[in-house]
Amino acid sequence: MSKALTRLPQLLPRTSDWAPASRRDLLAGVTVAIVALPLALAFGASSGLGAQAGLVTAVVAGVLAAVFGGSNLQVSGPTGAMTVVLVPIMHQYGVRGVLMVGLLAGFVLIVLAVARVGRFATFMPTPVIEGFTAGIAVVIALQQFPAALGVTGAGGERVWQVALNALAAYARDPDPVPVLMALGVAALMLAGARWRPGVPFSLIGVVVATAVAELAALDTARIGTLPSTLPAPSLGFLEVGALAGLLPSALAVAALAALESLLCASVADAMSVSEKHDPDRELFGQGVANLVVPLFGGVPATAAIARTAVNVRSGARSRLAALTHAVVLAGIVLAASGLVGRIPLAALAGVLLATTVRMVEVGSLLAIARSTRSDALVMALTFAVTVALDLVTAVAVGIGVAVVLALRTVARTVRLEQVPLETDDHSQEERLLLAEHIVAFRFDGPLFFAAAHRFLLELSEVADVRVVILRMSRVTTIDATGAQVLGDAITRLERRGITVLLSGIKPTHDQVLGALGVAEHLRRDGLIFPDTPAAIAHARGLLTVS
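Rules and cut-offs
- Residues numbered from 1 in each chain as written.
- Predicted model: local features only at pLDDT ≥ 70, side-chain atom pairs only at ≥ 80, totals over all residues.
- Heavy atoms only, no water.
- Core = buried A, V, L, I, M, F, W, Y, C linked by side-chain atoms within 4.5 Å.
- Buried < 20%, exposed > 50% of the residue type's maximum accessible area, 1.4 Å probe, protein only.
- Helix = DSSP H or I, 4+ residues; strand = E, 2+ residues; numbered from the N terminus.
- Contact = heavy atoms within 4.5 Å.
- Salt bridge = Lys/Arg side-chain N within 4 Å of Asp/Glu carboxyl O.
- Expected span 1.5 Å × (residues − 1).
- Phe/Tyr/Trp six-rings, centres within 6.5 Å; stacked < 30°, edge-to-face > 60°.
- Pairing = 2+ DSSP bridges.
- pLDDT = per-residue confidence, 0-100.
- Polar contact = N/O pair within 3.5 Å; in protein donor to acceptor, adjacent residues only side chain to side chain.
- Axes fitted to C-alpha atoms, helices over the stretch in contact; angles between N-to-C directions.
- Parallel < 35°, antiparallel > 145°, perpendicular 65-115°, else oblique.
- Left-handed = near helix turned anticlockwise from the far one by under 90°.
- Nonpolar A, V, L, I, M, F, W, Y, C, P; charged D, E, K, R; others polar.

**Student:** How would you summarise the nonpolar core if you had to cite specific residues and measurements?
**Tutor:** Formed by 84 residues in total, the largest nonpolar core has its most connected members in Leu41, Phe132, Val253, Leu329 and Leu391. When residues in this core are grouped by element, the largest group, 18 residues, is from helix H4 (residues 80–114). Residues contacting Leu391, with those up to four places away along its chain left out, are Ala81, Val84, Val85, Phe132, Ile136, Leu256 and Thr386. Ala367, Leu470, Met472 and Leu527 belong to the second-largest nonpolar core, a separate cluster that totals 40 residues.

Dropping the structure here:
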């Protein structure tokens, strides 16, 4: 208990979190709010609690996660992945169940933050991440079938059953209006993103669809009445007897919130130059947000990759951007709730259909499928379980299979070979190289997901060096995660002005690197060598020229 109390102050906000703030943060926040508005409405409606719940979540969680979170660039709110988990809870327990699950999940996230669990997120294998991301996209798309088809009352235990029932109901009484509206909004978003990526075509599509529905007096389902103010806090939903039944669902929501938020924070770091998030503070911020959001009638929240990417690309530099986004959305709730309530549900379904298409990185999926059979199997299994069952089961299955296959690969690489003693004084040679600001790292053993991140941390400590030679001849195996971390390490070193050379890459390992596009610029620039002496000679030549 005393350790937890000592740890807690380290998770609280700091004055340094808000410096430096600039006008660019305000503009980025407004831009993100414009993008987030239709998404918040759509995810709220899709969760079953209504569009107003999505708006409330975006406002309250957006403020609290910005203040208490561990990333300066992250934007939080309702997300599609969370909606996938909430729909079954809504069907089984109703609104009060969803609110209580969010409250319990917030408490669990704070406990995880105090226990410093956030750092372990770096061990998540890349095929698992890609597999469940693609699975989430399919599940979200299936969830939109009833609204996009204009069908009500399509039930089922699994989302694919709901979609099939919606198709059957539509076949009995077809109505082309909602279908055309949903497909039109989705097409506008996808085409517009290619033409002018900076324009909020999601908002334009929703506005046009709403105007057409109003002018033509189309009989389409609408969002309905939104509150003119944020709801007052209420603890009426807290029922002690329901805790035991809701606890497994709360753990699932907490696990998904932690996973998605930490992955999103890593994406934000990669998109920026010098940002680095604090994973435990990020869990704490999401925990605080999820503790408070249910009191206002909102759904569980997490960091949103799409909105965070817009935030970074719009020039955000501090938490002020995420805070501005929440304030702008709150202004919309207060000033334009009547207009927002007229939006057709089919238009929001179109927004989410386009979002699912943009969620899937086909190139990444194909690259992982081509890298190794093990990675392809893990990704396919994670995807299938996500669509057929649920996300938490999918992640558990994906990680379990990845661990088994990785251990099998390591076992197969163990060899007992008799080799002659090396007569060269490598330690003396390396000291001479270091004096010339050249350092050589030799890998021994497997470079896969469990060891790759430790290697990245060790390389980040390199100092007073101008050329780094990565000796790959003794790497026994490399998987997709290891290859991507190797690429991240090369990028980080090059950002610091350090030239990176590779030597001794085996053909089988080079196939994995090539499939994932790792170190392509090194191949193009002639910075990959068959052996270490050739790399050392080139490094000395570079320093002589400079």
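From this point on, the discussion continues.
**Student:** Report on the pattern of salt bridges, specifying residues and quantitative values.
**Tutor:** Going through the model one piece at a time under the given rule, you end up with two salt bridges. For Asp510, the salt bridge identified is with Arg523, shortest N-O distance 2.5 Å. Residue Asp510 is found in helix H22 (residues 507–515), and its partner Arg523 is found in helix H23 (residues 520–524); the two are separated by 13 residues along the sequence. Exposure remark for Asp510: the relative accessible area of 30% places this residue in the partly exposed category. Among the salt bridges present, the one from Glu520 reaches Arg523, with a minimum N-O distance of 3.7 Å. Here the residue Glu520 and the residue Arg523 both occupy positions in helix H23, the gap between them amounting to three residues, near one helical turn.

**Student:** An account of helix H13 (residues 320–335) is requested, with residue identities and associated values reported.
**Tutor:** Counted at 1.5 Å a residue, the expected span for H13 with its 16 residues is 22 Å, and the 22 Å between its end C-alpha atoms agrees. Residues of H13 that are buried: Ala321, Ala322, Thr324, His325, Ala326, Leu329, Ala330 and Val333.

**Student:** Please set out the packing of aromatic side chains residue by residue, giving values where relevant.
**Tutor:** Taken as a whole and assessed by the stated rule, the structure comprises two aromatic pairs. Note on Trp195 and Phe201: the rings are 6.2 Å apart at their centroids and 50 degrees apart in plane angle, and the pair reads as tilted. What makes Trp195 exposed here is its relative accessible area of 58%.

**Student:** Describe in detail unusual backbone geometry, supporting the description with residues and values.
**Tutor:** Of note, the phi angle at Arg116 is positive, near 60 degrees, even though the residue is not glycine. Among the structural elements, Arg116 can be located in the loop between H4 and helix H5 (126–143). Looking at Arg116, the relative accessible area reads 40%, which means it is partly exposed.

**Student:** If you had to explain the sheet that holds strand E3 (residues 438–442) to someone new, which residues and values would you point to?
**Tutor:** Across the sheet, which stays open at both edges, the four strands sit in the order E3-E5-E7-E8 with parallel pairing between neighbours. A strand with exactly one partner marks an edge of an open sheet, and here the two such strands are E3 and strand E8 (528–529). The pairing of strand E7 (residues 499–503) with E8 spans two bridges and is parallel. Across the sheet, Ser503 pairs through a bridge with Phe529, a residue of E8.

**Student:** Can you lay out the confidence of the model for the protein chain for me, pointing to particular residues and giving the numbers?
**Tutor:** Averaged over every residue, the pLDDT of the protein chain is 79; the share at 70 or more is 83%. Within the protein chain, the lowest mean pLDDT, 51, falls on helix H19 (residues 426–435), and the highest, 92, falls on helix H11 (residues 279–292). Across residues 414–427, confidence stays below pLDDT 50; counting only partners more than four residues off in sequence or on other chains, it has one contact.

**Student:** Pulling in residues and values, what's your account of H11?
**Tutor:** In this model, H11 (14 residues) spans 20 Å end to end at C-alpha, consistent with the 20 Å of a helix rising 1.5 Å per residue. The element H11 is extensively covered by neighbouring structure, given that 12 of its 14 residues are classed as buried. Those residues of H11 that sit buried are Pro279, Asp280, Arg281, Glu282, Leu283, Phe284, Gly285, Gln286, Gly287, Val288, Ala289 and Asn290. Capping of H11 at its N-terminal end is provided by Asp278; its side-chain oxygen lies 3.1 Å from the backbone amide nitrogen of Asp280.

**Student:** Explain the packing of helix H2 (residues 23–47) against H13 residue by residue, including any values.
**Tutor:** Between H2 and H13, whose axes approach to 7 Å, the crossing angle comes to 50 degrees. Between H2 and H13, the interaxial angle falls into the category oblique. You can see that H2 and H13 cross each other, and the crossing is right-handed. Side by side, H2 and H13 meet where Asp25, Leu26, Ala28, Gly29, Val30, Val32, Ala33, Ala36 and Leu37 of the first sit next to Leu320, Ala321, Thr324, His325, Val328, Leu329 and Ile332 of the second. Classifying every residue of the contact of H2 with H13 by side-chain character gives 12 nonpolar, three polar and one charged.

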